[in-house]
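Structural features, examined
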Amino acid sequence: MSGREDAGPKPAGRFARVELSLIRQINALATPLSTNLGIGEPNSEPDETLHELARRAATTSWHYSANAGNPSLRKKLAGDPNEVCVTAGTQEALYAIFQAYVDPGDEVLVPDPGFVAYATLAKLCGAEPVPYPLQPPSWDLEADEVLRRITPKTKLIIVNSPSNPLGAVAKREALEAIANAGPLVVSDEVYRQLWYESEPASMRGMSRNVIAIDGMSKSHAMTGLRIGWAIAHPDVLKPVITAHQYIATCASVFSQALAEMILDAKEWNASWLERVRAQFREQREVALHAIEHELDVRLEPPPAAFYAFVPVPSCDTLTFAKTLATDAAVLVIPGAAFGIQGEGFVRISYAAPKEAIGAGIERIGRWLRAAGR
Ligand SMILES: Cc1ncc(COP(=O)(O)O)c(C=O)c1O
């Protein structure tokens, strides 16, 4: 065989700019003894009602639904079914939107630090991700930082409030300014139900340019059921539905039926969300207490999601996180995974049992003290 055949088929050129996510590199170092504070999914389990709804959902039609999703579910999500496309998770909504709107040479404004998928999807479309900075300690979204980066090439602005990896919530005025800036805006609101002080603002309906995306992965601990949606003006949504048709055909009809039953069970749903918030609020307290006492860092409580973005005494946080994974058996995500502004920080997820949060952070503290940091 020639060398060329040994190397196997060459991936498409658009993958050349996509690196193996640093998150995957850290997770690859996990052992059965590791304490995982790197995880991005809720540590809640379905209760008896949710199990019962799932059993009932399994008895409904297994056939394709309309591409955009069952009209009855779309109606419950937005009132007007023409404003909704139900997707295989929020991630698929993002992919479909990028496919529908982003051309090679376009610019996409992405938060820094921000969820890794935004810049990666821009690169996959041959576009340029243009980071706009969020600054510690509040990590406030300053509309000006976004607006002054808009050029004639700006096709899309991504906003993520509440934020992964920051747990920060943007102010309504900032969101309104961005919604009305001109370019199309994607508002990723997948953490919007997980708040601890007051309900975060939604960008939905702030202007005709806004596509709001959300799903049940984080709010209902349904990450594996892949159910999400995009809500926008029907004209804006049209090419997204076309893209979605060729990506997924339709979202799982089982997950759609379950989502609809959850929305119908209003009283149970409200109490479920209350319980989930109470659980994460308690876990946040344990995390902040341990971070203060073990790492000597006093953080303002992040108002939403389940992440703490913690400054660490190390300039190369990738090496730091890898060393912690191997020497202290604790997994955290290096801040650099989320952009240049994330360097000098690690993301600690408190979506873990309280004992694991306490023990994991204590192990980080012990390792730092032993290393004389
Ligand atoms: C900010 C953000 N957006 C979207 C997603 C994707 O979520 P889903 O499971 O709904 O695809 C995640 C998952 O971690 C996320 O953190």
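These numbers come from a predicted model, not from an experiment.

In helix packing, the relevant descriptors are the interaxial angle and the interaxial distance, both defined with respect to the helix axes. Axis separation between helix H11 (residues 266-295) and helix H13 (residues 354-370) bottoms out at 9 Å; the angle between their running directions is 15 degrees. Put simply, H11 runs roughly parallel to H13. Regarding H11 and H13, the two cross each other, and that crossing is right-handed. Together, Glu282, Gln283, Val286, Ala287, Ala290, Ile291, Glu294 and Leu295 of H11 and Lys354, Ile357, Gly358, Ile361, Glu362, Ile364, Gly365 and Leu368 of H13 make up the contact between the two elements.

Here we come to the domain arrangement of the protein chain. One frequent convention defines the size of an interface as the accessible area lost when the parts assemble. On domain assignment, one finds that the protein chain holds domain 1 (3-46 + 268-367) and domain 2 (62-264). Centre-to-centre separation of domain 1 and domain 2, based on C-alpha positions: 23 Å. Taken together, the contact between domain 1 and domain 2 spans 35 residues of the former and 33 residues of the latter. Residue contributions to the side of domain 1 that touches domain 2 peak at seven residues, all from H11. Each residue belonging to the side of domain 1 that touches domain 2 can be placed in one class, and the counts come to 18 nonpolar, eight polar and nine charged.

This part is about the site of the ligand. Neighbouring the ligand are 13 residues, the closest being Gly89, Thr90, Gln91, Asn164 and Ser217. Counting residues per element, the shell around the ligand draws most heavily on helix H5 (residues 89-101), which supplies three residues. Residues that form the shell around the ligand fall into these classes: two nonpolar, ten polar and one charged.

Now for unusual backbone geometry. That bond from aspartate 112 to proline 113 is cis: its omega, 5 degrees, falls within 30 degrees of zero. Residue proline 137 is reached from proline 136 by a cis peptide bond, and omega for that bond is 5 degrees. Mapped onto the elements of the fold, proline 137 is located in the loop between strand E4 (128-133) and helix H7 (143-147). Residue tryptophan 139 is not a glycine yet carries a positive backbone phi of 60 degrees. Position of tryptophan 139 relative to the elements: it lies in the loop between E4 and H7. Its 21 C-beta neighbours within 10 Å are what place tryptophan 139 among the buried residues. Within the chain, threonine 249 stands out as a residue other than glycine whose phi angle is a positive 65 degrees.

Calculation rules
Residue indices begin from 1 for each chain and proceed along its sequence in written order. It should be noted that, the model being predicted, local features are given only for residues of pLDDT at least 70 and side-chain atom pairs only at 80 or more, the latter also being counted only at that level, while totals for whole chains, interfaces and linings use all residues. For helices, the fitted axis covers only the stretch in contact; all axes are lines through C-alpha atoms, and the angles between them, taken along N-to-C directions, range from 0 to 180 degrees. Each helix is a run of DSSP H or I of at least 4 residues and each strand a run of E of at least 2, with the numbering of both proceeding from the N terminus. Reported orientations rely on four angle classes, namely roughly parallel under 35 degrees, roughly antiparallel over 145, roughly perpendicular from 65 to 115, and oblique for the rest. If you view the pair so one helix is near and one far, a crossing is left-handed when the near helix is turned anticlockwise from the far one by less than a right angle, and right-handed when it is turned clockwise. With C-beta atoms placed from the backbone, a contact is any residue pair whose C-beta atoms sit within 7 Å. Domain start and end points were adopted from an automatic or database domain assignment. By the convention adopted, Pro, Cys, Tyr, Trp, Phe, Met, Ile, Leu, Val and Ala count as nonpolar, Lys, Arg, Asp and Glu as charged, and the other residues, Gly among them, as polar. All residues are tested the same way: a C-beta atom is placed from the backbone, and lying within 6 Å of a molecule or strand makes the residue near it. The burial criterion counts other C-beta atoms lying within 10 Å of a residue's C-beta, which is placed from the backbone; the residue is buried at 20 or more, exposed at 12 or fewer, and partly exposed between these limits.

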